[in-house]
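Examining the three-dimensional arrangement
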Amino acid sequence: MSRKLMVGVAQLGPIARSESRAEVVVRMIRLLTEAHAKGCKFVTFPELALTTFFPRWFFEDEEELNFFYEKEMPNDATKPLFDKAAELGVGFYLGYAELSDDEEGKSHKYNTSILVDDKGQIVSKYRKIHLPGHTENEPWRPFQHLEKRYFEPGDMGFGSCDFMGGKVGMALCNDRRWPETYRVMALQGAEMIVLGYNTPMHYPPVPQHDHLQGFHNHLVMQSAAYQNGCWIVACAKAGPEEGCDLLGESCIIAPTGEIVAQAKTVGDELIFAECDFEQTREIKEHIFNFDLHRRPDEYKIISQPKVVAD
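First, a word on what this report is: a plain description of the structure on this page. Since this is a predicted model, take the numbers as computed values, not measurements. (Residues numbered from 1 in each chain as written. Predicted model: local features only at pLDDT ≥ 70, side-chain atom pairs only at ≥ 80, totals over all residues. Heavy atoms only, no water.)

Quick word on the nonpolar core
- Counting 48 residues, the largest nonpolar core has F42, L115, M192, V194, L195, M221 and I252 as its most contacted members.
- For this core, the leading source of residues is strand 9 (residues 231–236), giving six residues.
- When near neighbours in sequence (up to four residues on either side) are disregarded, M192 contacts V7, F42, K167, V168, G169, W231, V233, C275 and F277. (Core = buried A, V, L, I, M, F, W, Y, C linked by side-chain atoms within 4.5 Å. Buried < 20%, exposed > 50% of the residue type's maximum accessible area, 1.4 Å probe, protein only. Helix = DSSP H or I, 4+ residues; strand = E, 2+ residues; numbered from the N terminus. Contact = heavy atoms within 4.5 Å.)

Next up, the structure:
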């Protein structure tokens, strides 16, 4: 049985701080329309796709900071994207900053992604768990990375849901560097993991690794695809954005670990590939058959509570 899905990755080039959400959505709709013309039924957009990557600045004014968050989804700015997706019959993945109130009226901020089906309906949500960066202003840096200040760790866990004929899970940016991210979803049957990222080419604490950004980006995802028998669909926000160069190299990776499509630019660019969910069985039923070969009793240290050093 074949369960094939034509998947598009809609890489976005730089988004200026002055660029409105409406302007960004126009760019996204253009890529969505191109993807539909290529036969795609599902399109992946980047992490924090609707604005510039705002954690690179230290904000003291809460109102100025809150401008970058979405209180509802869809909203006035993003509804045209949802409407166009429904019109074309194309599902999508979207990353954005979420401002959410709990039942007691307390506000929470998350780095969030959603899966939207081909009817324009949200079917799953994920909140980023592995937040990188730092909490306090560090003026010595050429740019900040204040995700730990501006977001709370996700509270929804890693999941897998029925979507577009397969089992699909979500992650965001730094999540891709952690092997547990993929394994938890694969243990829930995930056959495809989609993620968006904003990755600076310069890492101030360890600049000697700057030349390895592209290598490390693909290394972790290719190994995870193979070790978990999953398709991995990864979409960047790329290029020179507000004084910070962002890695491109958006890609689609097969369960064998092979890159089957990769972006060639650091601008708005569509790549696509036909992904067969059945191909995951080649790995899941043989090389890495979890039921047959895993030894979870020997892995207990992985799930022990985190110990904070003195």
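Overview of the pattern of salt bridges
- This model, assessed by the stated rule, comprises 23 salt bridges.
- For the salt bridge of E64 with R17, the shortest nitrogen-to-oxygen distance reads 2.9 Å. Here the residue E64 occupies a position in helix 2 (residues 62–66), and R17 occupies one in the loop between strand 1 (4–11) and helix 1 (21–37), the gap between them amounting to 47 residues.
- Taking relative accessible area as the criterion, R17 reaches 33% and is therefore assigned partly exposed.
- Here E278 ties to R281 by a salt bridge, and the two come within 2.9 Å at their closest N and O atoms.
- Residue E278 is classed as buried on the basis of its relative accessible area of 15%.
- R281 gets classed as partly exposed once you look at its relative accessible area, which sits at 40%.
- Counted as one network, the salt bridges with shared partners bring together R3, E191, E278, R281 and E285. (Salt bridge = Lys/Arg side-chain N within 4 Å of Asp/Glu carboxyl O.)

Brief notes about the layout of surface pockets
- Within this model, the largest pocket holds a volume of roughly 620 Å³.
- Residue lining of the largest pocket: 21 residues in total, with E180, V184, Y299, I302 and S303 positioned closest to the centre.
- Elements that contribute at least two residues to the lining of the largest pocket include exactly helix 5 (179–186) and helix 6 (213–228).
- The element that contributes the greatest number of residues to the lining of the largest pocket is helix 5, accounting for four residues.
- The class makeup of the residues in the lining of the largest pocket is 11 nonpolar, five polar and five charged.
- As a volume, the second largest pocket reaches approximately 420 Å³.
- For the lining of the second largest pocket, a count of residues per class yields seven nonpolar, nine polar and four charged. (1 Å grid on protein atoms, 1.4 Å probe; cavity = no way out; pocket = protein on both sides within 12 Å on 5 of 7 lines; lining within 4 Å. Points joined across faces, edges and corners; volume = space filled by probe spheres on them. Nonpolar A, V, L, I, M, F, W, Y, C, P; charged D, E, K, R; others polar.)

Overview of helix 5
- All buried positions along helix 5 are accounted for by T181, Y182, M185 and A186. Angular distribution of buried residues about the axis of helix 5 spans 120 degrees; they occupy a single face of the element. (Arc of directions from axis to C-beta.)

As for helix 3 (residues 79–88)
- If you check which residues of helix 3 are buried, you get L81, F82, A85 and L88. Here the buried residues of helix 3 occupy an arc of 135 degrees about the axis, which is enough to place them on one side.
- Close packing links the buried residues of helix 3 with helix 1, strand 3 (91–101), strand 4 (107–116) and strand 5 (122–127).
- Just beyond helix 3, the residue with positive phi is G89, at close to 75 degrees.

Some points on the packing of aromatic side chains
- Following the criterion strictly, the structure yields 14 aromatic pairs and no others.
- Ring centres of W57 and F59 lie 6.4 Å apart, and the angle between their planes is 70 degrees; on these two criteria the pair is classed as edge-to-face.
- Assessed through its relative accessible area of 7%, F59 is described here as buried.
- Through a chain of ring-to-ring contacts, three or more aromatic side chains come together here, namely F54, W57, F59, F67, F68, Y69, Y150 and F151.
- Sitting over the face of the ring of W57, R17 holds its NZ or CZ atom 4.7 Å from the ring centroid.
- Cation over ring: R294 sits above F290, and NZ or CZ is 5.9 Å from the ring centre. (Phe/Tyr/Trp six-rings, centres within 6.5 Å; stacked < 30°, edge-to-face > 60°. Lys NZ or Arg CZ within 6 Å of the ring centre and 35° of its normal.)

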